[in-house]
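# Tertiary structure, described
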Amino acid sequence: MIRKRAGVLISGRGSNMRALVEAARDLQYPAQIVCVVSNKADAAGLAFAIERGIETKVVDHRAFVSREAFDAALNAYLQDQKLDLICCAGFMRIMTPVLIRPWLGRMLNIHPSLLPAYKGLHTHERALADGAKSHGCTVHFVTDELDSGQIVAQAAVSVLPGDTAGTLAARVLEQEHPLYAKALALVASGEIQMRTSS
Ligand code: GRF
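Residues numbered from 1 in each chain as written. Predicted model: local features only at pLDDT ≥ 70, side-chain atom pairs only at ≥ 80, totals over all residues. Heavy atoms only, no water.

### Re the pattern of salt bridges
Put simply, the test is: Here, a salt bridge means any side-chain nitrogen of Lys or Arg that lies within 4 Å of a carboxyl oxygen of Asp or Glu. In this scheme, a residue with accessible area under 20% of its type's maximum is buried, one over 50% is exposed, and one in between is partly exposed, where area comes from a 1.4 Å probe on protein chains only. Think of it this way: any DSSP run of H or I at least four residues long counts as a helix, any run of E at least two long counts as a strand, and we number them from the N terminus.
Within the structure shown, the criterion is met by 5 salt bridges. Put simply, Glu22 and Arg25 hold a salt bridge, and the shortest N to O gap is 3.2 Å. A relative accessible area of 59% places Arg25 in the exposed class. Here Asp144 ties to Arg101 by a salt bridge, and the two come within 2.3 Å at their closest N and O atoms. Here Arg101 lies in the loop between α4 (97-100) and β5 (107-111) and Asp144 lies in the loop between β6 (134-141) and β7 (151-158), a separation of 43 residues in the sequence.

### Observations regarding the packing of aromatic side chains
Put simply, the rule reads: Aromatic rings from Phe, Tyr and Trp, with only the six-membered ring used for Trp, were paired whenever their centres fell within 6.5 Å, and each pair was classed as stacked if the ring planes differed by under 30 degrees, edge-to-face if by over 60, and tilted otherwise. By definition here, charges over rings are those cases where NZ of Lys or CZ of Arg is within 6 Å of the ring centre and within 35 degrees of the ring normal.
A complete count under the given rule lists 1 aromatic pair for this structure. A cation over a ring is seen here: Arg18 above Phe48, with NZ or CZ 5.0 Å from the ring centre. Here the basic side chain of Arg93 rests over the ring of Phe70, its NZ or CZ set 5.7 Å away from the ring centre.

### A look at the pairing of strand β2 (residues 31-38)
For clarity, the threshold we go by: Strand pairing is assigned whenever DSSP identifies at least 2 bridges connecting the two strands. Handedness rule for crossovers: strands pointing away from the viewer, path from the first strand over the helix to the second running clockwise, crossover right-handed.
Judged by how many residues are buried, β2 sits mostly within the fold: 7 of 8 residues are covered. Across 7 bridges, strand β1 (residues 4-10) lies against β2 in parallel orientation. Among the inter-strand pairings, Val8 is bridged to a residue of β2, identified as Val36. Read as a crossover between parallel neighbours, the route from β1 over helix α1 (residues 15-23) to β2 is right-handed. Examined bridge by bridge, β2 and strand β3 (residues 55-58) share 4 bridges and lie parallel to one another. Bridge assignment links Val36 to a residue of β3, and that residue is Thr56.

### Considering the site of the ligand
Selection rule: The criterion for a residue being near a molecule or strand is simple. One of its heavy atoms has to lie within 4 Å of it. Between N or O atoms, a polar contact is any pair within 3.5 Å; within protein, one atom must be a potential hydrogen donor and the other a potential acceptor, and residues adjacent in sequence are included only when both atoms are from side chains. Only the protein chains shown count as cover for residues, and the accessible areas themselves come from Shrake-Rupley with a 1.4 Å probe. The residue classification treats Ala, Val, Leu, Ile, Met, Phe, Trp, Tyr, Cys and Pro as nonpolar and Asp, Glu, Lys and Arg as charged. All others, Gly included, are polar.
The local shell around the ligand consists of Arg13, Gly14, Ser15, Asn16, Gly90, Ile110, His111, Pro112 and Glu176. The backbone of Gly14 places a nitrogen or oxygen atom 2.8 Å from an oxygen atom of the ligand. Note that an oxygen atom of the ligand is positioned 2.9 Å from one of the backbone N or O atoms of Asn16. Protein chains bury 85% of the 370 Å² of accessible surface belonging to the ligand in isolation. Among the elements of the structure, α1 and β5 are those that each provide at least two residues to the shell around the ligand. Here the residues of the shell around the ligand sort into 2 nonpolar, 5 polar and 2 charged.

Pasting the structure below:
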């Protein structure tokens, strides 16, 4: 089996990236994590990647005059890595078509809600404010429209009495890690592909 070359984009803690790195330790897993890229030099996840001997790269968005210029630099690095797939994992940048288009069908994101509910930020707070009974997380293909690409996999959790945004986020995060590993495997193995509209 030829394992797909995957890169992970992070901005902070990187617990989903860790879950992907751990899953990919199994040589039967259809992807290997070849690089971890952050837009923030102080992203905690970078230390873990370095410790694991994974190539890391910081591309600081503040060094660029526009979103497009940042996206072009990031895309150039990702192209150099000869990646098959990219996983956004807590990558807190709005991406432009400059970065999205070259990777259409090959870029995934994990979002902490049951999409299409609660696109954007503060998903746990909004679910609680609505009195939602269930909540969860989604892995989807990245397309031009924020948090709207084809869904690869979802996992649900119950909202419990007394939940705060923090307790709910923690319960969702527990589901995110295995979900992302499963979703990347489905895409890397070719079992799931992004549908192209004709
Ligand atoms: C996760 O909740 C993810 O769904 C969201 O940002 C958070 C990132 O956490 N996009 P981590 O950096 O993977 O720990």
